[in-house]
Amino acid sequence: MKNQNQKNVLLHCADYLRWGLLFGICFVFSNVHAQNQVITGTVVDDTGLPLGGVNILIEGTTIGTQTDFDGNYTINAIPGQKLRFSFVGMKSVTVAVANQDTIDLAMESDNQLDNVVVIGYGTKKKSDVISSVTRVETEDLVKVATSDIGEMLRGKAAGVQVTLASGAPGGSSTIRIRGQRSITGGNDPIIIADGVRIGSINDINANDIESLEVLKDAAAQAIYGARASNGVILITTKRGKEGRMSVSYNGFSGLQTINRNFDIYSGEEFARLKREAFRTNNGGVYRPDAEIFSTLELESVENGNYINWEDLILRTGQTQNHALSIASGTEKFSIFSSVNYINTRGVIPNSDYSKVGLRLNADQKIRDWLKIGLNTSFQFSGTNNPNNGGVLLNSITTAPLGRVYNDDGSLRWLPGGFEENKNPLIDLKETTNEIRNRNDILNVFVDVMPFEGFKYRLNASRRSWNYKRYSYNTSRSLAGIARNGQGSGSVQFQDNVEWQIENILTYDFSIKERNHFAVTAVQSVSETEYNNFVNEADRIPNDILGIRGLEGAFLNTPSISGNKRGIVSAVGRVEYDYDNTYYVTVSGRADGSTVFGRNNKWAFFPAASVGWNVHRENFMEDLRAVNTMKLRFSYGSVGNEGISPGQSQSTANQRDYVIDGNRVSGYVPGSTLPNPDLKWETSTTFNAAIDLGFFNNRVTSTVEYYNTRTKDLLVAEALDPSSGYTSKLTNIGEIENAGIEVTLNADIIRKEDFKVNLGASFTKNRNKIISLYGEDADGDGREDDDVLNRRFIGYPIGVFYQYKPVGIFQEGENIAGSAQPLALPGDVRLQDTNGDGVINDQDRVITSQAPDWFGTLSVSAEYKGFDMSADIYTVQGIIRNNPFLYGYQEGGSLRGIKNGIKQNYWTPENPGGDFPRPREGNDPANIYFLGLQDASYVRLQNITLGYTLPEEVLTRFGLSNLRIYTTGSNLITLTDFQSFSPERNPNEYPEPVTVVVGLQFGF
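Worth saying up front: this structure is predicted, and the values here are computed from it rather than measured.

What about helix α7 (residues 295-303)?
- Of all the positions in α7, only Leu296, Glu297, Leu298, Ser300 and Val301 are classed as buried.
- Check the buried side of α7 and you find it contacts α5 (267-280) and α6 (289-292).
- One or two positions beyond α7, positive phi appears at Gly304, with a value near 75°.

In structure tokens, the structure reads:
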């Protein structure tokens, strides 16, 4: 029995072993089969285009692969594992592996806003835009260490030229979109922020900007009609989003210095120049130093103690910028608030700027079909610029000979004892020029959405701007000394209030899926009121009350002015596309403005555009390298109302009379003739463009050609004084701006942890006058030029018209037989343009002031947490006039009285000099014509290095982002123009070199 039981146990064990072995074999086979399960698939983007280079990783392992050029991939995976798909610019996706052997995937853009472009009264997907609209990325703006958004825009958009208006703390820049189109009607673009026209691009804090678009052609601009002829800049500020509250900070602090592309004469060199000037006027014989130098100057010459005014005037500046924002939102309510503080201590002592900006944007969803919103911003700024222009001028031109201080330590008025050279340090201490600004914007809107696709918005806004200026020159200032020890000053108060109400209807709908329509209708009315008060005070007896003692002045001259203007508009636009392939847009805007003559209050501005996404056609399927090919064409008109109210009417002048011993005021007709037919300037533009994308859009490019004709130019026409009037504002002539714009962007390396991007832009604009007055007084069959005002048919609006210097006359030359027989060796030789042996008006040469082209080269790279970006900006073929090369007040006339920019001047011992021989008595002949200089330049505009902490470290501290960075702006400028900046004269506040260290964090 026992044996039988043992036998049964052995049989059971054998069964268990057999089944166990069978189960083990099946398990092993199953496991081996799973490990070798091959999964294939294709990855595309949200437009259906294949994505090459997508990283595919099995989570928890280092096993992975990438998609090929056509978006295809193959990978081995075990059911239950997860595949993680990641690609730069796309949202990462994780997919669980089951028993399938094919996994196809469509990836979405990481930020939908990147594919959305703001247009007039709406938004569109970038692929659907068929007008000329350029978007500037916000992160590119805030990389530039400045308070001026205009300067941040420099080089960021083709066709947009930014030039420095003032480098002083709180200074601004001039923005031109596709050239100058008007002579007197204004050339600044309009700035629209959240649907509200604002006065300056700097009315917005750069850290509050969500998106910034530049509208460049008539199809994009026409919906803004009367004010859009010089281009439109659309700004959308940030809003709260549904989800947890977020806090963000971005701030930097750093130092500012200046570079200058010129040298001034040192003490020894100035003494030598002065000797040469007196030598020329003494028959070529040097005079004794005691006869040409003052006692103070001679003291410097003998002991070698010279004055370096630049070291005394300039200092290292400081700048800081701090921006803090808080955003939160729920399904019903969202809010965004921010505060921004800017403080800059300029490179010239006592020059400074500070600004505080506050913003609050809120949205409340009352019903599914009803929403209200609020956009508000408040800015308060203060600036002090104490006679900066005069201080810089004197620092360059005051002779380096003499003494800065008196024996008691006070500043010496005339360091060298000559009236022409005054101590520039005096006005740094004895003058003030304080400016206080307040900017308020209040915008309320109501959105009503009764059914899908339809929205009505009531948009109401009020913008106010308040400006106060207090200028004072003490009795000890240079102006006070000149007024026998009495002070002077002025106060100015300005305010500007603008309100606007808009009714906006939009309706988007589709017919049979492929036919997409969008209809926009707008009714708008706005009014602006401006007031200005100025009081000039002279001969203030003491400085006890400073600027608040103006009432004690011997002479007070008040001036009061103001105006009001309004505009009423009606807008319509219809957009259609078929299957996101063929596009047509038609728009029109009618504007009525109060500033024009009673016979031409209204104007209508139509526009049309067509587009074709060629890459969506079947015949493009085989061209897999081409992912985007879009053709765009547009034609339309926009207007310019850039004149002041009342300019279509006659003027009247006040006359005072004494009747019966009483003063009585009356008015007599002024010198301006009314023009009831005065009308709008109208700019009509044809635009043609092609957008291209290659290799999964790793390389993208846009090429645009435009031609803009502006007619009915607003110009003050000179009249025969015998008529009783001297001028009349009228519409004349026509101007053309034509050009080409090219942008190129390439992702050289596009991996998850390593990216390199290269970008470039090129802009060439040709501006010329087509017609002026339509007169041919000399009967030569060609329309006459306006020589008096330097306006020439076939040339740009801005030109120089003068003789051309071609060298210096040398000893031994046949000067008597030249076109300048009275010249002397060392004098400037002028070009005999027509070769008739005489220098007269026929020999003058027309030289354009506009650049030949400008462009940018940008590079950026990221490696793990490190990032780097750099922008190189260039302007080529531009000529500017530099008065410091010839002007007496600017020290350029080589008379040995004032110091100036050092030049290689001619002497008998230096016949190779390219500037004329110095003369003490008067300026060298024809030196004025040496003032034109090539102002082309290449600049390292901006370079930034940063490091962002890894995600695991951020999570540990509860942060969403933490980045430290350093930025240098305007670091290197290569130019032949002799100034602090190639865009400004040497006496204008220099553009600083800025180096900052910054911090960004969020949680």
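Some words on the confidence of the model for the protein
- Mean pLDDT over the protein: 88, with 95% of residues reaching 70 or higher.
- Of the regions scoring below 50 in pLDDT, residues 1-34 engages in three contacts with residues more than four places distant in sequence or in other chains.

Describing the packing of aromatic side chains
- Throughout the structure, instances matching the rule amount to 27 aromatic pairs.
- Geometrically, the ring pair formed by Tyr578 and Tyr582 is stacked, given 6.3 Å between the ring centres and 20° between the ring planes.
- Residue Tyr578 is classed as partly exposed on the basis of its relative accessible area, which comes to 31%.
- The ring of Phe445 is capped by Arg457, whose NZ or CZ atom sits 4.0 Å from the centre of that ring.

Side note on the side chain of Asn321
- The residue Asn321 is located in strand β18 (residues 317-329) in this model.
- Within the local environment of Asn321, its side chain forms a polar contact with the side chain of Asn340, the two groups lying 3.0 Å apart.
- If we skip the residues at most four places from it in the chain, Asn321 touches Thr146, Asn250, Gly251, Phe252, Asn340, Tyr341 and Ile342.

A few points about helix α9 (residues 388-397)
- Burial runs high along α9: eight of the 10 residues are buried.
- All buried positions along α9 are accounted for by Asn388, Gly390, Val391, Leu392, Asn394, Ser395, Ile396 and Thr397.
- Contact partners of the buried residues in α9: α8 (309-313), α10 (425-430) and α11 (478-482).

Quick look at the sheet that holds strand β6 (residues 93-96)
- If you walk across this open sheet you meet the four strands as β3-β2-β5-β6, and the pairing is antiparallel. A strand with exactly one partner marks an edge of an open sheet, and here the two such strands are β3 (64-66) and β6. Averaged over all pairs of adjacent strands, the angle between their axes in this sheet comes to 20°, without regard to strand direction.
- When strand β2 (residues 55-58) meets β3, the two strands line up antiparallel, connected through three bridges. Among the inter-strand pairings, Asn55 is bridged to a residue of β3, identified as Gln66.

Brief notes about the pattern of salt bridges
- As enumerated under the stated definition, the model contains 55 salt bridges in all.
- Between Lys124 and Glu575 there is a salt bridge whose closest N-O contact spans 3.2 Å. In this pair, Lys124 sits in strand β9 (residues 122-125) while Glu575 sits in strand β26 (residues 555-578), placing the two residues 451 residues apart along the sequence. Neither Lys124 nor Glu575 differs from the other in exposure class; each is buried.
- Of the charged contacts in the structure, one is a salt bridge between Arg476 and Glu430, with a shortest N-O distance of 3.5 Å.

Quick word on the nonpolar core
- If you look at the biggest cluster of nonpolar residues, it comprises 25 residues, and the most contacted ones within it are Leu153, Ile175, Ile201, Leu212, Ile233 and Ile235.
- Sorting the residues of this core by element identifies α3 (149-153), β11 (160-164), β12 (173-177), β13 (190-193), β14 (196-198), β15 (209-215) and β16 (232-237) as the ones contributing at least two each.
- Excluding residues that lie within four positions of it along the chain, Leu153 makes contacts with Val136, Leu141, Val162, Ile175, Ile201, Leu212 and Ile233.
- Counting residues in hydrophobic clusters, the runner-up holds 24 residues, among them Phe278, Ala399, Leu401 and Val828.

Describing empty space enclosed by the protein
- Considering all chains together, one arrives at 10 cavities of 30 Å³ or more under this definition.
- Looking at the largest cavity, its volume works out to about 400 Å³.
- Looking at the largest cavity, it is lined by 32 residues, and the ones nearest its centre are Ala145, Thr146, Ser147, Gln256 and Pro992.
- Looking at the lining of the largest cavity, the elements that each hand over two or more residues are β17 (243-257), β18, β19 (333-345) and β45 (961-975).
- Among the elements that take part in the lining of the largest cavity, β18 stands out by supplying three residues, more than any other.
- Its residues assigned to classes, the lining of the largest cavity comprises 11 nonpolar, 18 polar and three charged.

Section: the pairing of strand β25 (residues 515-540)
- By the bridge criterion, 25 bridges tie strand β24 (residues 487-511) to β25 in an arrangement that is antiparallel. By the bridge assignment, Tyr507 is partnered in β25 with Val519.
- Linkage of β24 to β25, two consecutive antiparallel strands, is achieved through a turn of three residues, within which Lys512 is found at a positive phi near 55°.
- The pairing of β25 with β26 spans 24 bridges and is antiparallel. Of the residues in β26, the one forming a bridge with Gln523 is Ala570.

A closer look at the environment of Thr134
- Its place among the elements puts Thr134 in strand β10 (residues 133-136).
- Distance from Thr134 to Pro821, taken between C-alpha atoms, is 58 Å for residues 687 residues apart in sequence.
- Not counting residues within four places of it along the chain, the set of residues in contact with Thr134 comprises Ala157, Leu212, Glu213, Val214 and Lys216.
- A distance of 3.1 Å separates the side chain of Thr134 from the side chain of Lys216, its partner in a polar contact.

Comments concerning the side chain of Arg178
- By the element assignment, Arg178 lies in the loop between β12 and β13.
- Taking the relative accessible area as the measure of exposure, Arg178 reaches 1% and is therefore buried.
- At 3.4 Å, the side chain of Arg178 and the side chain of Glu704 are in polar contact.
- If we skip the residues at most four places from it in the chain, Arg178 touches Ser132, Gly159, Lys216, Asp217, Asn687, Glu704, Tyr706, Asn737, Glu741 and Asn765.

Things to note about unusual backbone geometry
- With phi around 75°, Asn350 is a residue other than glycine that occupies positive phi space.
- As for its position among the elements, Asn350 is in the loop between β19 and β20 (352-367).
- Classification of Asn350 by relative accessible area gives partly exposed; the value is 36%.
- One non-glycine residue, Phe695, lies in the positive phi region at around 55°.
- With respect to the helices and strands, the residue Phe695 is situated in the loop between β32 (681-694) and β33 (699-718).

What counts and how
Throughout, a residue's number is its position along its own chain's written sequence, starting from 1. Given that this is a predicted model, residues contribute local features only at a pLDDT of at least 70 and side-chain atom pairs are listed and counted only at 80 or more, while totals for whole chains, interfaces and linings are drawn from all residues. Note: side-chain values were computed over all heavy atoms of the structure, leaving out hydrogens and water. When a residue's accessible area, from a 1.4 Å probe over protein chains only, is under 20% of the maximum for its type it is buried; when over 50% it is exposed; and in between it is partly exposed. In DSSP terms, a helix is any run of H or I states spanning at least four residues, a strand is any run of E spanning at least two, and both are numbered starting from the N terminus. Contact between two residues is taken to exist if any of their heavy atoms lie within 4.5 Å; hydrogens are not considered. Values of pLDDT, which run from 0 to 100, indicate the predictor's confidence residue by residue. Aromatic pairing here means that ring centres of Phe, Tyr or Trp (its six-membered ring) are within 6.5 Å. Orientation follows from the plane angle: under 30 degrees is stacked, over 60 is edge-to-face, and everything else is tilted. Note on geometry: a ring has a charge over it if NZ (lysine) or CZ (arginine) is within 6 Å of the ring centre and within 35 degrees of the ring normal. Pairs of N or O atoms are called polar contacts if they sit within 3.5 Å, as long as, within protein, a hydrogen donor faces a hydrogen acceptor (for residues adjacent in sequence, only side-chain-to-side-chain pairs). A strand pair is defined by DSSP finding two or more bridges across the two strands. Between the N-to-C directions of two axes lies an angle of 0 to 180 degrees, each axis being a line fitted to C-alpha atoms and, for a helix, fitted only over the stretch in contact. The working definition used for a salt bridge is a side-chain nitrogen of Lys or Arg within 4 Å of a carboxyl oxygen of Asp or Glu. The definition of a nonpolar core used throughout is a set of buried Ala, Val, Leu, Ile, Met, Phe, Trp, Tyr and Cys residues joined through side-chain atoms within 4.5 Å. Only protein atoms enter the 1 Å grid, on which a cavity is a set of points fitting a 1.4 Å probe that cannot get out and a pocket is an open set with protein on both sides within 12 Å along at least 5 of 7 lines, lining residues being those with an atom within 4 Å of a point. Grid points are joined across faces, edges and corners, and a volume is the space filled by probe spheres set on the points. All amino acids are sorted into three groups, where Ala, Val, Leu, Ile, Met, Phe, Trp, Tyr, Cys and Pro are nonpolar, Asp, Glu, Lys and Arg are charged, and the leftover types, Gly among them, are polar.

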